[in-house]
Amino acid sequence: MDSSSSSSAAGLGSLDPQLQHFIEVETQKQRFQQLVHQMTELCWEKCMDKPGPKLDNRAEACFVNCVERFIDTSQFILNRLEQTQKSKPAFSESLSD
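Thresholds, definitions, all that
- Residues numbered from 1 in each chain as written.
- Predicted model: local features only at pLDDT ≥ 70, side-chain atom pairs only at ≥ 80, totals over all residues.
- Heavy atoms only, no water.
- UniProt positions renumbered as here; feature names shortened; annotations may be inferred.
- 1 Å grid on protein atoms, 1.4 Å probe; cavity = no way out; pocket = protein on both sides within 12 Å on 5 of 7 lines; lining within 4 Å.
- Points joined across faces, edges and corners; volume = space filled by probe spheres on them.
- Helix = DSSP H or I, 4+ residues; strand = E, 2+ residues; numbered from the N terminus.
- Nonpolar A, V, L, I, M, F, W, Y, C, P; charged D, E, K, R; others polar.
- Core = buried A, V, L, I, M, F, W, Y, C linked by side-chain atoms within 4.5 Å.
- Buried < 20%, exposed > 50% of the residue type's maximum accessible area, 1.4 Å probe, protein only.
- Contact = heavy atoms within 4.5 Å.
- Patch = residues over 30% accessible without salt bridge, like charges linked within 9 Å, V, L, I, M, F, W, Y side chains within 5 Å.
- Areas by Shrake-Rupley, 256 points an atom, 1.4 Å probe, with all protein chains shown as cover.
- Salt bridge = Lys/Arg side-chain N within 4 Å of Asp/Glu carboxyl O.

You'll find the protein chain entered in an unreviewed UniProt entry as Mitochondrial import inner membrane translocase subunit, with Echinops telfairi given as the organism. Of the protein chain, the UniProt comment under Subcellular location (unreviewed entry) reads exactly: "Mitochondrion inner membrane". Per its UniProt entry, the protein chain bears the Subunit (unreviewed entry) comment "Heterohexamer."

Here it is as structure tokens:
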């Protein structure tokens, strides 16, 4: 999550709950679309030598492997960020005391 979405999410508390939910869902959709675009671009550059009417076996295997690695990496990063966020509040609370 970037700083602009976290700051905008913090300001959602005073909004109507339905509107707040709608904004959160749309933000998640946007993030997902960005990930798909990023993955498509990365894997296309890595796996596609010369576009043709049909994927050859090597390109198909490369795309499958690329997508799986991209998903694994994204999941690892998300898990790592969650761990960091869980350990961070205790640290920030001790600073405010």
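Participant: Could you give an account of the layout of surface pockets, naming the residues involved and the relevant values?
Facilitator: The gaps left among the atoms become clear once a water-sized probe is rolled over them. Each pocket or cavity is described by its volume, and for the second largest pocket that value is around 190 Å³. Every residue lining the second largest pocket is listed: F32, L35, V36, M39, F70, I71, S74, Q75 and L78. Counting only elements with at least two residues in the lining of the second largest pocket, the list comes to α2 (17-47) and α3 (57-96). Ranked by residues supplied to the lining of the second largest pocket, first place goes to α3 with five residues. Among the residues forming the lining of the second largest pocket, the class breakdown is seven nonpolar, two polar and no charged.

Participant: Describe the nonpolar core, with residues and values.
Facilitator: By size, the foremost hydrophobic cluster in this structure holds eight residues: M39, C43, C47, M48, C62, F63, C66 and F70. Mapped onto this core, the elements with two or more residues apiece are α2 and α3. Ranked by residue count, the leading element in this core is α3, at four residues. Setting aside anything within four residues of it in sequence, one finds C62 in contact with K46 and C47.

Participant: Give a detailed account of a nonpolar patch on the surface, specifying residues and quantitative values.
Facilitator: A cluster of nonpolar side chains, contributed by F76, I77, L78 and L81, occupies part of the molecular surface with about 410 Å² of accessible area. Looking at the element boundaries, L78 is found in helix α3. Classification of L78 as partly exposed rests on a relative accessible area of 46%.

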